[in-house]
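Topology and contacts: notes
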Amino acid sequence: MAWLDAVPSVLLCGLLLVLPGLPITYLLGLRRLTAVALAPVVVTAVVVLTAIAASKLGLAWSPLLVLLVFAGLALVLGCVVVPLRRRLPPAVPGDSWPVVGASVAGLAGAVLLGALAVRLSIRGPEELVQTDDSSFHYNAIANILNTHDASTFMIDTLGVPGRAHGFYPAAWHDLGSLFVMISGNSIPAAANILSVTIALVVWPLGCVLLMRQLAGPSKLALGVAGLLSTAFGAFPWEMLGWGILWPNLLGLSFVPAALAALLSVTKLAKEDVIGRGRAWLLAPAFLVAVTIAHPNAVISLAAIALPVVFLGLARASLRRYRTGDRLRAGLLAAPIVLAAPVYWLVVVKSGVFAVTMDADVKPIETPSHAVGEALTGATNGRGAGWILGVLVIVGAVSCFRQRSLRWLVAGHAISAGLYILAAGVSWTGRKVFTGFWYTDSHRLAAMLPITGVPLAVIGVLAVLTAVRSWLTSVSFLEQRRTLAARASAIALPAVILLLLTTGGLNVLDHRNRVLSAYPKIDPLVNQEEYDLFKRIADRTEPGTIVAQMPYNGSPAVMALTRRQVLFPQLNIGRLTSDQIYLARHLNQAATDPRACAIADRLAVRYLLTNDIPRGNLWDGVAYPAPSAGFRQIDEGGTFKLYRVPVCDGSQPQTR
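Residues numbered from 1 in each chain as written. Predicted model: local features only at pLDDT ≥ 70, side-chain atom pairs only at ≥ 80, totals over all residues. Heavy atoms only, no water.

What to know about the confidence of the model for the chain
As a reminder of what qualifies: pLDDT expresses, on a scale from 0 to 100, how confident the predictor is about each individual residue. Pairs of residues are marked as contacts when any of their non-hydrogen atoms sit within 4.5 Å.
Here the chain averages 90 in pLDDT, while 96% of its residues score no lower than 70. A low-confidence stretch, residues 650-655 stays under pLDDT 50, and its non-local contacts, those more than four residues away or across chains, total 13 contacts.

The following block contains the structure:
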């Protein structure tokens, strides 16, 4: 499938992420761009909660179930809102259509440039991601489809018999499974389409909404915000090419919209388009959506929002104090005073975050180099975005001159500081601050564009204001003065100049970042092997398990065929005793009764292998000896597929 052929699927994915949430956001009193930008948050929250409830109630996971939940929720909300509409606060008027049009124009530009970067890096929607974490994410979707259970407390078993289940953030996988069932796309195609749609729809909408709360209904500000939303390489592009961190991509894509709602709560929004009461009503949806997308996205939101929260609390406390209400003033000030000691007790002393805090990640560069990367956007050794870096600095200076926007600079400084600690500082104590993200510079770099986009937009506005001021001061051409007095007169030339001087907003850097996950030279799985993996659906029976070694690309079999594999992910820290024994002895099943008994009990009927090194854990899934009783039934590339008939006595014919 080519990307051009996938356009209907991409459009369908965009609609599925937005459309089901629109009745709810509309009934809450949100209109136009605001209703659309917040709809994906509502959609994700409802989907993940439905998945958890369905698992507990024994209901099969399906699009119909989710549709009924959305319809029921909208009906209940309507039954509450419509009778009380005269008593409830009126709906927030949507921005004028010219403002919406400017936003859409900017978003369209971002989508076109983003689509170009995707086309230059991913050959087609079905191209496999070949990174350490991709097999887990693919096979989590496959497991949902096989078990009809999408609960965030169940998917991490990946269908392995006997594996204990626990919590794993499943929002991305839940959305992916629904998209597979509705569209009929393969799991790899659905994963690529869903992730690209999140990057080019959900994230830009949130950026525009955040800019709307910062700048008010400014056509220029919202149009530029839409255009620049995908201009930074660290996010969303790094999350499409490193890890691969699709759940982080989804969680961080919600953070700008969450900040926009927080500005309503703290009364820091300019001409608020959400409303304080509605922001509080949406708070549970944000908490659920961001947390079950990925918990460290919540920490990212908290870190960036810290200045906003402190500023809001300080202002509220001061107002109470001036009115003589010292008790409430003290209560409002208490979180500011107690934040540091509580952080120390919870994070450092309690050991709650020990798993992530103990990650042993070394710095990748010097502190000065890390500082330079944070300023220029050249994070993790990638290409520098000099012009965007300058615009961010100009925007920071402009914000600092406006007292109401200093929090934005502080939030950006926090993100930059965390990245510098992870990438360039060898101090062991840095884990206290960076451990939530495994002290991983890639995850921390992804926070920079959250504040970087609005700062760059404000930088553009500051530059245009200066240019317009200079042009109007030139007295030798009266017509130029009149023309320059209108922002729109110089906005279009400025945007064209920005596109030309940044190489289409750094599209080649974005391509290079994504290419890390889609190698074109010496890929882990070549075309012949890919074709064999797909044929396994015809060579095996449903309910049987294919044994293999996880490091040679073979976990992709489960994603391509929905046939259970014995080792569906690269992380071997949670192997069961049965898995370990078969990994060492399966090809000796003819002479090893224990291996035979385990294979029979687990329904391990096939072995897929290639030239894997000997003398390690995986000797049992290497090529079997001719006398071992295994029968080859197919091959492709370096792989061979064998039937394991020695344990069940069956000798099925090759199909």
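Anyway, onward from the coordinates.
Remarks on the side chain of Arg-443
Basically, it comes down to this: What counts as a helix is a DSSP run of H or I of at least four residues, what counts as a strand is a run of E of at least two, and both are numbered from the N terminus.
You can see Arg-443 is positioned in helix 20 (residues 441-445). Non-local contacts of Arg-443, meaning those with residues more than four positions away in its chain, are made with Trp-242, Leu-245, Asn-248, Asn-296, Trp-437 and Tyr-438.

Structural notes on the packing of helix 3 (residues 32-57) against helix 4 (residues 63-81)
For the record, the criterion: Helix axes use the C-alpha atoms of the stretch in contact, all axes being lines fitted to C-alpha atoms, and the angles between their N-to-C directions lie in the range 0 to 180 degrees. Working rule for handedness: look at the near helix, and if it is turned counterclockwise from the far one by less than a right angle, call the crossing left-handed; if clockwise, right-handed.
Where helix 3 contacts helix 4, the two axes come as close as 10 Å, and the packing angle between them is 120°. Between helix 3 and helix 4 the crossing geometry is right-handed. Here Val-43, Val-46, Val-47, Thr-50 and Ala-54 of helix 3 come into contact with helix 4, specifically with Leu-65, Val-66, Val-69, Phe-70 and Leu-73.

Let's talk about a nonpolar patch on the surface
Note the threshold: Exposure above 30% relative accessible area and the lack of any salt bridge qualify a residue for a patch; like charges then connect within 9 Å, and the nonpolar side chains Val, Leu, Ile, Met, Phe, Trp and Tyr within 5 Å. Surface accessibility follows the Shrake-Rupley procedure with a 1.4 Å probe radius. Residue values consider only the protein chains on display as shielding. In the sections that follow, a salt bridge refers to a side-chain nitrogen of Lys or Arg positioned within 4 Å of a carboxyl oxygen of Asp or Glu. Using a 1.4 Å probe on the protein chains alone, a residue whose accessible area is under 20% of its type maximum counts as buried, one over 50% counts as exposed, and one in between counts as partly exposed.
On the surface, Val-337, Leu-338, Val-342, Trp-344, Leu-345 and Val-346 cluster together into a nonpolar patch covering about 570 Å² of accessible area. Checked against the element boundaries, Leu-338 lands in helix 14 (residues 326-349). Assessed through its relative accessible area of 46%, Leu-338 is described here as partly exposed.

Considerations on the layout of surface pockets
Here is the rule: We place a 1 Å grid over just the protein atoms. Points where a 1.4 Å probe fits but has no way out form a cavity, open points with protein on both sides within 12 Å along at least 5 of 7 lines form a pocket, and any residue with an atom within 4 Å of a point lines it. Grid points are joined across faces, edges and corners, and a volume is the space filled by probe spheres set on the points.
By volume, the largest pocket amounts to about 1,500 Å³. Around the largest pocket sit 43 residues that line it, and Ala-302, Ala-305, Leu-306, Val-309 and Phe-310 are the ones nearest its centre. Secondary-structure elements contributing two or more residues to the lining of the largest pocket are helix 11 (255-265), helix 12 (276-293), helix 13 (295-322), helix 14 and helix 18 (406-424). Per-element accounting of the lining of the largest pocket gives the leading share, 15 residues, to helix 13.

So, the packing of aromatic side chains
A ring pair, where both rings are aromatic, is described by two values, the distance of the centres and the angle of the planes. Formally: Pairs were defined over the aromatic rings of Phe, Tyr and Trp, the Trp ring being its six-membered one, requiring ring centres within 6.5 Å. Orientation was assigned from the angle between planes: stacked under 30 degrees, edge-to-face over 60, tilted for the rest. Either the NZ atom of lysine or the CZ atom of arginine qualifies as a charge over a ring when it sits within 6 Å of the ring centre and within 35 degrees of the ring normal.
For the coordinates displayed, the defined rule picks out 12 aromatic pairs. Aromatic pair Tyr-551 and Trp-618: ring centres 6.0 Å apart, planes at 75°, arrangement edge-to-face. Note that Tyr-551 is positioned in the loop between strand 1 (545-547) and helix 26 (556-561) and Trp-618 in the loop between strand 3 (604-609) and strand 4 (631-636), a separation of 67 residues in sequence. Take Tyr-551: its relative accessible area is 38%, and that puts it in the partly exposed class. Take Trp-618: its relative accessible area is 8%, and that puts it in the buried class. Geometry around Tyr-26 places Arg-31 over its ring, the cationic atom sitting 3.6 Å from the centre. In this arrangement the basic side chain of Lys-640 is found over the ring face of Tyr-623, its NZ or CZ atom lying 5.4 Å from the centre.

Details of empty space enclosed by the protein
Inspection of the entire model under this criterion finds one cavity of 30 Å³ or more. Approximately 50 Å³ is the volume attributed to the largest cavity. Leu-113, Gly-114, Leu-227, Thr-230, Ala-231, Trp-237, Gly-504, Leu-505, Val-507 and His-510 together form the lining of the largest cavity. No other element matches helix 24 (residues 503-515), which puts four residues into the lining of the largest cavity.

Points about the pattern of salt bridges
Applying the stated rule across the entire model yields 11 salt bridges. Arg-513 is paired through a salt bridge with Asp-509; the nearest N and O atoms lie 2.9 Å apart. Here Arg-513 and its partner Asp-509 are both found in helix 24, four residues apart, which amounts to about one turn of the helix. The buried category is assigned to Arg-513, whose relative accessible area is 1%. Across the pair Asp-578 and Arg-601 runs a salt bridge, and its minimum N-O distance is 2.9 Å. One end of the pair, Asp-578, is in helix 27 (residues 577-585); the other, Arg-601, is in helix 28 (residues 593-602), with 23 residues separating them in the sequence. With a relative accessible area of 14%, Asp-578 lands in the buried category. A relative accessible area of 53% means that Arg-601 is categorised as exposed.

A short note on the nonpolar core
The condition that has to hold: Definition of nonpolar core: a set of buried residues of the types Ala, Val, Leu, Ile, Met, Phe, Trp, Tyr and Cys, connected through side-chain atoms within 4.5 Å.
By size, the foremost hydrophobic cluster in this structure holds 167 residues, and its most contacted members are Trp-61, Met-211, Leu-228, Trp-246, Ile-274, Phe-533 and Leu-608. When neighbours within four sequence positions are excluded, Phe-533 is seen to be in contact with Val-525, Gly-553, Ser-554, Ala-556, Val-557, Leu-560, Thr-561, Leu-608 and Phe-639. Leu-575, Leu-582, Val-604 and Phe-630 belong to the second largest nonpolar core, which has 28 residues in total.

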